[in-house]
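# Residue-level structure breakdown
Given next are the chains, with one letter for each unit.
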Amino acid sequence: MKFTVSSSALLSLLATTGKVISNKNTLPILDYFLMELKGEELTVTTSDLETTIIGHLKVESVEREGVIAAPAKLMLDSLKEFPEMPLEFEVNDTTWEIKVKWTSGSLSIPGASAVSYPAMPAIGAECKDILLDVDMLIAGINKTIFATADDELRPVMNGVYFNFEQGKLTFVATDAHKLVRSMVECPDVDFNASFILPKKPANLLRNLLAKEEAPVEVSFDAKNVTFSLENFNLVCRLIEGNYPNYNAVIPAANPNKVLIDRVEFVNGIKRVAVCSNPSTNLIRMDIANNKVNLTAQDIDFSVSANETISCSYDGQPVTIGFKSTFLVEILSNIETPTVVIELADSTRAGVFKPVYDDKQQSETLMLLMPMMINA
């Protein structure tokens, strides 16, 4: 295996694919990059057994093709020290030594045989295929991923739920305290299917999509999903199980509606939350007469705070309590300057929606369960 490659292009490829490598790998070979050269294309594969990223890069001056496992940390630490320059890689097929040469020097890294590297999971013949817009995918993951859980007892809640229905795609995430549902029109969807994408590959996919422009091909069956991008493929094992019936927990009739400036509201919550009880982070909201009065107190340390924010309110006076950290999370993940909060009473979930000036192709709804207010 012998070829020449740009140092910065190779570093970029290895840094991107290397994000999948786990600190607690059960197989030592998973701490290596699988590097395969065919023709003028270098393919780099990394895996943690659950998620696999495959990256592709065009190289120059190919003298010999081949395949090797290269130690990830050593490769990355070495390449970080190079400015932009051509590097010549030569692999000894007997000792697995990797020699890197440049105009003024060389280095040697011990590689390993690629034979024991695990095979990539294959998508079954009964898979579904669809092309999805990059911006739509990024928006769907960004709006929902913060609401995913870390629950060993209910693993289905540890990922983003993709639900394909005729003409639309719905992204959902919930941790039983907060829930986000983002529905977007998708004319290409002509089937009914769903899958749960785990949190780690969802984050990796979000980072990969940031540099993409072309539509992404998504193929999935009951166990695995593949996202095919221009220079990368992400393959991951799906979370198996039935996702909770999220529509059942969304209150249908919410007679009380608060229209409020989102930034002003977030800042007010942050100021008042400083004095909330650290174990509960409870903030009390008294809503009436076009005003929201925020109150927080920690009786143990005799501290309290309150702030009144103007709003447009349609409904009966309501008093309700929320966890301030969850409130800030939800409001920070809404992009519009104004937000509408729909409430029924102090015991039922509050529904948060962005307010747009014009009609949107997507519809986002965020839900937060209230907390008990001690008398």
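It should be noted that the structure appears before, not after, this text.
Computed from a predicted structure; not experimentally measured. Along each chain, the written sequence defines residue order, and numbers are assigned to residues from 1. Only residues with pLDDT of at least 70 get local features here, since the model is predicted, and only at 80 or more are side-chain atom pairs given and counted; chain-wide, interface and lining totals rely on the full set of residues. Based on all heavy atoms of the structure, the side-chain values leave hydrogens and waters out of the count.

To continue, consider the overall build of the protein. The way it works is that DSSP assigns letters per residue, a run of H or I at least four long becomes a helix, a run of E at least two long becomes a strand, and they are numbered from the N terminus. The secondary structure content of the protein amounts to seven helices and 26 strands. Counting only C-alpha atoms, the protein reaches 80 × 50 × 40 Å along its principal axes. Three labels apply to residues, based on accessible area from a 1.4 Å probe with only protein chains included: buried if under 20% of the type maximum, exposed if over 50%, partly exposed otherwise in between. Counting over 375 residues, the protein shows a buried share of 50%. Here, residues are in contact when the closest pair of their heavy atoms is within 4.5 Å. Relative to all contacts within the protein whose residues are 6 or more apart in sequence, the contacts with residues 24 or more apart total 66%. Accessibility throughout is a Shrake-Rupley quantity obtained with a 1.4 Å probe, and a residue counts as covered only by protein chains that appear here. When the accessible surface of the protein is summed, it comes to about 18,300 Å², and 50% of that surface belongs to carbon and sulfur atoms.

Comment: phi is negative for the bulk of residues other than glycine, and the bulk of peptide bonds are trans. Despite not being glycine, Ser61 shows a phi value in the positive range, around 45 degrees. With respect to the helices, strands and loops of the structure, Ser61 is situated in strand E5 (residues 60-64). Its identity is not glycine, yet Asn281 carries a phi of approximately 55 degrees, on the positive side. Among the structural elements, Asn281 can be located in the loop between helix H6 (262-273) and strand E19 (282-288).

Here we come to the sheet that holds strand E15 (residues 216-220). Taken together, eight strands build an open sheet; the order of strands is E6-E2-E3-E4-E17-E16-E15-E10 and the sheet is antiparallel. In this open sheet, the two strands that pair with only one neighbour each are strand E6 (66-71) and strand E10 (128-132). Put simply, the sheet's adjacent strands are angled 15 degrees from each other on average, direction ignored. Strands are labelled as partners when DSSP assigns at least two bridges between them. Where strand E16 (residues 224-228) meets strand E17 (residues 232-237), five bridges bridge the pair, whose relative direction is antiparallel. Note on definitions: angles span 0 to 180 degrees between N-to-C directions of axes, and those axes are lines fitted to C-alpha atoms, for helices only across the stretch in contact.

With antiparallel pairing, nine strands are arranged side by side in an open sheet as E14-E11-E12-E13-E26-E25-E24-E18-E22. Across the chains shown, the open sheet's two edge strands, defined by having one partner strand only, are strand E14 (193-198) and strand E22 (312-314). The mean angle between the axes of side-by-side strands here comes to 15 degrees, regardless of whether they run parallel or antiparallel. Both strand E11 (residues 159-165) and strand E12 (residues 168-174) contribute to a ladder of five bridges, which runs antiparallel. Note that in E12 the partner of Phe162 across the bridge is Phe171.

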